[in-house]
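# Observations on the three-dimensional arrangement
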Amino acid sequence: MGAKIARLAKRLGFLPQCRLRTLMVGLDGSGKTTILYKLKLGDLLKTKPTIVPVVSIPYGAGFNVESIQYKNICFDVWDIGGESKALIFVVDSSDRQRISEARKELHWALADNELANAAVLVLANKQDLPDAMPASQIADKLGLHCLGQRPWFIQNVSAYTGQGLYEGLHWLSDNIPNMEDSCSYNNCSHIFSFRNKIDVTLVEIEKEVGML
Ligand SMILES: Nc1nc2c(ncn2[C@@H]2O[C@H](COP(=O)(O)OP(=O)(O)OP(=O)(O)O)[C@@H](O)[C@H]2O)c(=O)[nH]1
Ligand SMILES: [Mg+2]
């Protein structure tokens, strides 16, 4: 019955709710926390460096985690490790001196088993600065063309102006491998909450699942 609801809901344009654990990494100062809170709050926060304590991490200290809803997907964005289906890698596009260090960091992160199946979204941040390198140049310097079969995309962004951030999430929402595993129609109450508006549709659903 769940599968029938899923099929019909899809046909009618209802999207399943998906939760996606997403890891956000990048060199210190590249703008991870600023991006996270720009997406979460739509606003700029004054950030301090995010320090991860070496010994133990009390919940909520030393890392940031926020849930960001984009279309039907809830991205749980962490800036600390764990198995994830998506990696967001943030680069300071104006920092030419550290771009090879950023390349090492990216390839080191991607060697981790926890990211074996992750899609990679590179955010070329700080595009509001006049000396920012364009995405194409950063893609070369990070060796993105060597990533083989893994889905990847680079997006020019500015956490300050918000430029490009949702375009990046849009690409991710379309390119997560085995996305269905993270989605569920289990809570179909949102379909039925439209009862007054779409009675006809509801009757169709009820017929399809054998309620009528
Ligand atoms: N011009 C400009 N500055 C930015 C942008 N995004 C972040 N910054 C600045 O870059 C600095 C570092 O930003 P954070 O968000 O703290 O960087 P982070 O990657 O979280 O750094 P760590 O927590 O140390 O790893 C701050 O001074 C931000 O205001 C941007 O899009 N444009
Ligand atoms: Mg930070």
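Keep in mind that what you see is a predicted model, and the values were worked out from it rather than measured.

Quick notes on the rules
- Residues numbered from 1 in each chain as written.
- Chains lettered and ligands numbered in written order.
- Predicted model: local features only at pLDDT ≥ 70, side-chain atom pairs only at ≥ 80, totals over all residues.
- Heavy atoms only, no water.
- Helix = DSSP H or I, 4+ residues; strand = E, 2+ residues; numbered from the N terminus.
- Areas by Shrake-Rupley, 256 points an atom, 1.4 Å probe, with all protein chains shown as cover.
- Salt bridge = Lys/Arg side-chain N within 4 Å of Asp/Glu carboxyl O.
- Expected span 1.5 Å × (residues − 1).
- Buried < 20%, exposed > 50% of the residue type's maximum accessible area, 1.4 Å probe, protein only.
- Arc of directions from axis to C-beta.
- Contact = heavy atoms within 4.5 Å.
- Near = heavy atom within 4 Å.
- Polar contact = N/O pair within 3.5 Å; in protein donor to acceptor, adjacent residues only side chain to side chain.
- Nonpolar A, V, L, I, M, F, W, Y, C, P; charged D, E, K, R; others polar.
- Phe/Tyr/Trp six-rings, centres within 6.5 Å; stacked < 30°, edge-to-face > 60°.
- Lys NZ or Arg CZ within 6 Å of the ring centre and 35° of its normal.
- Core = buried A, V, L, I, M, F, W, Y, C linked by side-chain atoms within 4.5 Å.
- pLDDT = per-residue confidence, 0-100.
- Pairing = 2+ DSSP bridges.

### Digging into the overall build of the protein
Counting its regular elements, the protein contains 7 helices and 7 strands. For the protein, the sequential pattern of α-helices and β-strands runs α-β-α-β-β-β-α-β-α-β-α-β-α-α. Accessible surface computed for the protein: about 11,800 Å², of which carbon and sulfur atoms make up 53%.

### Quick word on the pattern of salt bridges
Counted by the stated rule, this structure contains 5 salt bridges. Of the charged contacts, one joins Asp76 and Arg19 as a salt bridge, the two residues approaching to 3.0 Å between their closest N and O atoms. Within this pair, whereas Asp76 is found in strand β3 (residues 73-78), its partner Arg19 is found in strand β1 (residues 17-26), the two being separated by 57 residues in sequence. Between Asp28 and Arg98 there is a salt bridge, with its nearest N and O atoms 2.8 Å apart. Here the residue Asp28 occupies a position in the loop between β1 and α2 (32-41), and Arg98 occupies one in the loop between β4 (86-92) and α3 (99-110), the gap between them amounting to 70 residues. Each of Asp28, Arg98 and Glu101 takes part in a single network of salt bridges with overlapping partners.

### What to know about α3
In a regular helix each residue adds 1.5 Å, so 12 residues correspond to 16 Å; α3 covers 17 Å between its end C-alpha atoms and thus fits that length. Listing the buried residues of α3 in full gives Ile99, Ala102, Leu106, Ala109 and Leu110. Axial view of α3: buried residues confined to an arc of 95 degrees, hence all on one face. Facing away from the buried side of α3 by over 90 degrees, the exposed positions are Lys104 and Trp108. Those residues of α3 hidden inside the fold are in contact with β4, β5 (119-125) and α4 (135-142).

### Describing the site of ligand 1
Residues in close proximity to ligand 1 total 18 residues, the closest being Lys32, Thr34, Thr47, Thr50 and Tyr160. The contact in question runs from a nitrogen atom of ligand 1 to an N or O atom on the side chain of Asp128, over 2.8 Å. Between Ser158 and ligand 1, the recorded distance is 3.4 Å, taken from a side-chain N or O atom to an oxygen atom. Burial of ligand 1 by the surrounding chains reaches 82%, relative to a free accessible area of 650 Å². Per-element accounting of the shell around ligand 1 gives the leading share, 3 residues, to α2. By residue class, the composition of the shell around ligand 1 is 5 nonpolar, 9 polar and 4 charged.

### A word on the packing of aromatic side chains
Between two aromatic rings, the relevant description is the distance of the centres plus the angle of the planes. Applying the stated criterion across every chain, the model contains 2 aromatic pairs. Measuring from ring centre to ring centre gives 5.5 Å for Phe153 and Trp171, while their planes differ by 15 degrees; the resulting arrangement is stacked. On the criterion of sequence distance, the pair formed by Phe153 in strand β6 (residues 152-156) and Trp171 in helix α5 (residues 165-175) is long-range, its members being 18 residues apart. Positioned over the ring face of Trp78 is Arg21, at 4.4 Å from the centre of the ring.

### Overview of the nonpolar core
Grouped together as the largest cluster of nonpolar side chains are 26 residues, with contacts concentrated most on Leu20, Ile35, Phe75, Ile88, Leu123, Leu172 and Ile176. With residues up to four places along the chain from it excluded, the contact list for Ile35 reads Met24, Val90, Leu123, Asn125, Val157, Ala159 and Leu165. Residues Leu27, Val91, Ile138 and Ile154 belong to the second largest nonpolar core, which totals 24 residues.

### Some remarks on unusual backbone geometry
Backbone geometry follows two general trends: most residues other than glycine have a negative phi, and most peptide bonds adopt the trans configuration. The backbone phi angle of Lys71 is positive, close to 50 degrees, even though this residue is not glycine. Among the structural elements, Lys71 can be located in the loop between β2 (65-70) and β3.

### A look at the confidence of the model for the protein
Of the residues in the protein, 70% have a pLDDT of 70 or more, and the chain-wide mean is 79. In this model, residues 53-61 is a region of pLDDT below 50 whose contacts with residues beyond four sequence positions or in other chains number 6 contacts. Note that pLDDT drops below 50 for residues 186-205; the model gives that stretch 17 contacts with residues more than four away or on any other chain.

### What to know about the pairing of β2
The alternating pattern of β2 places Glu66, Ile68 and Tyr70 on a buried face, while none of Val65, Ser67 and Gln69, on the opposite face, is buried. With 6 bridges connecting them, β2 and β3 associate as antiparallel partners. Residue Val65 lies in a different strand from β3, and its bridge partner there is Trp78. Here β2 hands over to β3 after 2 residues, with Lys71 in that stretch at a positive phi of 50 degrees.

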